[in-house]
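Given next are the chains, with one letter for each unit.
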Amino acid sequence: MIKRCYLPTSTGYARYGGRGITVCDRWRNSFEAFLMDIGPRPLSRNGAGVTYSLDRWPNNNGHYEPGNVRWATKTEQ
């Protein structure tokens, strides 16, 4: 999340940081704060290989910040 928003050499930077997407200061400065707000990544669903990743929702054009991030499956995204 931080790399794709702030590191121009990161894969996907053009789709995130290059578009002005940022990470709130609280999360950028503290993984513990991020974990408290979002919780750990859910385990695979029923061992079926379903994995979760961060999703900016409900505003996909919004920033990584409380109220706009969830854990979601590829199908949900």
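The rules behind each value
Residues numbered from 1 in each chain as written. Predicted model: local features only at pLDDT ≥ 70, side-chain atom pairs only at ≥ 80, totals over all residues. Heavy atoms only, no water. Phe/Tyr/Trp six-rings, centres within 6.5 Å; stacked < 30°, edge-to-face > 60°. Helix = DSSP H or I, 4+ residues; strand = E, 2+ residues; numbered from the N terminus. Buried < 20%, exposed > 50% of the residue type's maximum accessible area, 1.4 Å probe, protein only. Lys NZ or Arg CZ within 6 Å of the ring centre and 35° of its normal.

1. Some thoughts on the packing of aromatic side chains
Thought 1: Under the counting rule described, the total for this entry stands at 4 aromatic pairs.
Thought 2: Seen from their ring centres, phenylalanine 34 and tryptophan 71 are 6.4 Å apart, and the 80° between their planes marks the pair as edge-to-face. Of this pair, phenylalanine 34 sits in helix α3 (residues 31-38) while tryptophan 71 sits in strand β2 (residues 69-73), placing them 37 residues apart in sequence.
Thought 3: Classification of phenylalanine 34 by relative accessible area gives buried; the value is 7%.
Thought 4: Overall, the relative accessible area of 17% leaves tryptophan 71 in the buried class.
Thought 5: Among the aromatic residues, those joined into a ring-pair cluster are Trp27, Phe31, Phe34 and Trp71.
Thought 6: Lying over the aromatic face of tyrosine 16, arginine 4 brings its terminal NZ or CZ to 4.5 Å of the ring centre.
Thought 7: The ring of tyrosine 6 has arginine 28 lying over it, and the distance from NZ or CZ to the ring centre is 3.5 Å.

Any functional reading would require information beyond the geometric quantities listed.
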